[in-house]
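A closer look at the structure
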Amino acid sequence: MLQTVRGTHDLLPEAQAKHNTIITRARSISERFGFQEMSTPIFEFSEVFKRTLGEASDIVSKEMYTFKDRNDEEITLRPEGTAGVARAFISEGLTQKVPLKLFYQGPMFRYERPQKGRQRQFHQLGVELIGVPSAFADVECLTLAHEILRDLKVDQSRLELNSIGDKESRGRYTESLVKYLQQHKAGLSADSQKRLEQNPLRILDSKDPKDQELLKNAPVISEFYNENSKQFFATICDSLKNMGIPFHINPFLVRGLDYYTHCVFEFRTTALGAQDAILSGGRYDQLIETMGGPSTPGVGWAAGIERLAMLTPLTTPAIRPLAVIPVHNSVEAKAFELCYKLRADGFTCEIAFSGNLSKRMKRAAGQNCRAAVVLGPDELARGEVMLKDLDSGEQKTVSLDALTAALKNL
């Protein structure tokens with residue numbers, strides 16, 4: 001029997017409805033903040049991700065779905081959304097339109113071990129604010145994220161912040177961190193020993209107990225901030241305090257991608273086990289320039305829709321359709337015509353295809369229909385139908401001309 005590929009899953013109607021609810025509410029709130037929706041292709045030239053995410057990042061080194069197409073071009077299914085948006089900013093000539101406030105949503109692909117809330121094909125929604133160097137752009141994105149999670153009633157989340165400083169601050173800190181870790185290299189995990197040569201800041205994010213123990217005595221990045229980095233981060237923290245948005249400063253939060261600078265953040269939860277990040281992001285002032293575009297600041301975040309679906313108690317209210325039931329073959333064509341008219345008038349209709357009247361009524365009740373419109377040859381000859389309220393059991397004869405009004409009253 002054919003099965004789904006490991007790490008993928010079908011979104012059946014109930015799950016799809018919940019995804020749609022999350023996307024619709026997030027889109028609506030983003031629009032209130034002035035963000036406009038865009039979409040990028042599901043696959044890009046591999047260079048888009050290799051140049052932006054960093055060759056040493058886990059995504060590029062372990063997780064990308066990359067293949068050669070028939071033209072021998074190397075293509076990658078997108079593992080995240082920011083790089084594609086940055087590529088579009090350059091290739092679509094959007095430099096003159098900054099500041100840009102963009103919302104996106106759709107499937108992403110990473111070759112990881114499937115776990116609760118993490119699949120190889122997963123779905124994200126996210127935002128990017130491009131062209132604003134001020135720390136208040138970070139505040140704008142953070143307050144938007146907070147508002148979306150509040151609206152979705154994801155109450156189990158906690159905002160964690162850190163600043164990895166500007167290029168100068170980060171360079172001085174990285175030098176000190178490497179010097180310390182080199183002295184303890186033998187005690188590091190195998191992954192962290194590799195990262196020490198390629199991407200030492202990622203060691204701060206290690207979940208290995210040996211690494212965490214060594215990091216307790218490691219230099220702290222806040223000790224290396226220059227005045228610019230201090231002021232930038234202070235502006236964000238003060239603004240969040242003034243707006244009553246709680247947060248926790250986590251000095252070990254660095255995020256896994258090379259393009260981040262200054263503020264990085266995650267909304268985390270204890271409700272999903274090890275997969276605790278539900279919304280993550282940060283500032284990426286060098287990203288667009290690295291891709292060959294003009295020097296352009298940016299900040300953004302992305303959230304996993306599957307994880308949000310596990311956490312939100314919201315469900316999509318079920319639409320209660322109408323049942324249109326012909327009681328004889330001779331009126332089936334009229335039943336379909338009536339269905340078409342009622343749908344055009346804005347009603348959701350189900351038509352009963354087979355069975356006697358009793359079976360069709362039972363099927364209508366099983367579909368949680370609000371009412372049944374029963375068509376018989378004699379009634380139609382008089383221009384009438386029988387309308388039954390399936391909640392109260394009340395039924396009455398209604399003229400076809402008055403049917404729409406009668407249904408609206410229900």
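Look above for the structure.
To keep things clear, this report deals only with the structure shown in the data block. On a predicted model such as this, the values are computed, not experimentally measured, just so you know. (Residues numbered from 1 in each chain as written. Predicted model: local features only at pLDDT ≥ 70, side-chain atom pairs only at ≥ 80, totals over all residues. Heavy atoms only, no water.)

1. Some remarks on the pairing of strand S15 (residues 384–389)
Successive side chains on a regular strand alternate, one facing one side of the sheet and the next facing the other. By the bridge criterion, 4 bridges tie strand S14 (residues 371–375) to S15 in an arrangement that is antiparallel. Counted as the bridge partner of alanine 371 is aspartate 389 from S15. (Pairing = 2+ DSSP bridges. Helix = DSSP H or I, 4+ residues; strand = E, 2+ residues; numbered from the N terminus.)

2. Some thoughts on the packing of helix H5 (residues 135–151) against helix H9 (residues 227–242)
Between H5 and H9, whose axes approach to 9 Å, the crossing angle comes to 35°. Both H5 and H9 take part in a crossing whose hand is right-handed. Taken together, the residues of H9 that come into contact with H5 (itself represented by Ala135, Phe136, Asp138, Val139 and Leu142) are Phe232, Thr235, Ile236, Ser239 and Leu240. Here the residues of the contact of H5 with H9 sort into 7 nonpolar, 2 polar and 1 charged. (Axes fitted to C-alpha atoms, helices over the stretch in contact; angles between N-to-C directions. Left-handed = near helix turned anticlockwise from the far one by under 90°. Contact = heavy atoms within 4.5 Å. Nonpolar A, V, L, I, M, F, W, Y, C, P; charged D, E, K, R; others polar.)

3. Let's talk about H9
Spanning 16 residues, H9 covers 22 Å between terminal C-alpha atoms, matching the ideal 22 Å at 1.5 Å per step. Residues Ser229, Phe232, Phe233, Thr235, Ile236, Cys237, Ser239 and Leu240 constitute the buried set of H9. Packed against the buried residues of H9 are H5, strand S7 (157–163), helix H6 (167–183), strand S8 (248–249), strand S9 (261–269) and strand S10 (277–283). (Expected span 1.5 Å × (residues − 1). Buried < 20%, exposed > 50% of the residue type's maximum accessible area, 1.4 Å probe, protein only.)

4. Overview of helix H4 (residues 82–91)
With 8 of its 10 residues buried, H4 lies for the most part within the structure. By the burial criterion, the buried members of H4 are Thr82, Ala83, Gly84, Val85, Ala86, Arg87, Ala88 and Phe89. Where the residues of H4 are buried, they touch strand S2 (43–45), helix H2 (47–53), strand S5 (100–109), strand S6 (121–130) and helix H10 (287–290). Looking one or two residues beyond H4, the residue adopting positive phi is glycine 93, at roughly 65°.

5. Section: the sheet that holds strand S11 (residues 298–304)
Taken together, the 8 strands give an open sheet; going across it, the order is S1-S5-S6-S11-S10-S9-S7-S8, and neighbouring strands pair in mixed fashion. The outermost strands of the open sheet, each flanked by one partner alone, are strand S1 (36–37) and S8. As judged from the 7 bridges shared by S7 and S9, these two strands associate in the antiparallel manner. Directly across from leucine 161, in S9, lies its bridge partner phenylalanine 265. On top of the sheet, helix H1 (residues 13–32) reaches S1, S5 and S6; it is set at about 165° to S5, its chief contact. Together, S7, S8, S9 and S10 form the strand contacts of H9, whose direction differs from that of S7 by roughly 160°.

6. Comments concerning the side chain of glutamate 147
Tracing the backbone shows glutamate 147 in helix H5. Overall, the relative accessible area of 17% leaves glutamate 147 in the buried class. Here arginine 150 takes part through its side chain, which lies 2.6 Å from a polar atom of the side chain of glutamate 147. With residues up to four places along the chain from it excluded, the contact list for glutamate 147 reads Ile29, Arg32 and Phe33. (Polar contact = N/O pair within 3.5 Å; in protein donor to acceptor, adjacent residues only side chain to side chain.)

7. Looking at the pattern of salt bridges
Scanning the model with the defined rule gives 23 salt bridges in all. Among the ionic pairs, lysine 216 bridges to glutamate 213, the shortest N-O distance being 3.1 Å. A salt bridge links lysine 334 to glutamate 337, with the shortest nitrogen-to-oxygen separation between them at 3.7 Å. Taken together, the residues lysine 334 and glutamate 337, both in helix H12 (residues 332–344) and 3 residues apart, mark about one turn of the helix. Classification of lysine 334 by relative accessible area gives partly exposed; the value is 47%. Within this structure, Arg158, Glu160, Glu266, Arg268 and Asp276 form a network of salt bridges that share partners. (Salt bridge = Lys/Arg side-chain N within 4 Å of Asp/Glu carboxyl O.)

8. Observations concerning the sheet that holds strand S13 (residues 349–351)
Ordered in space as S13-S12-S14-S15-S16, the 5 strands form an open sheet in which the pairing is mixed. Among the strands making up the open sheet, the edge pair consists of S13 and strand S16 (395–399). For this sheet the average axis-to-axis angle between neighbouring strands, irrespective of direction, equals 25°. Relative to strand S12 (residues 322–326), helix H13 (residues 357–366) is tilted by about 170°, and along the sheet it contacts S12, S14 and S15.

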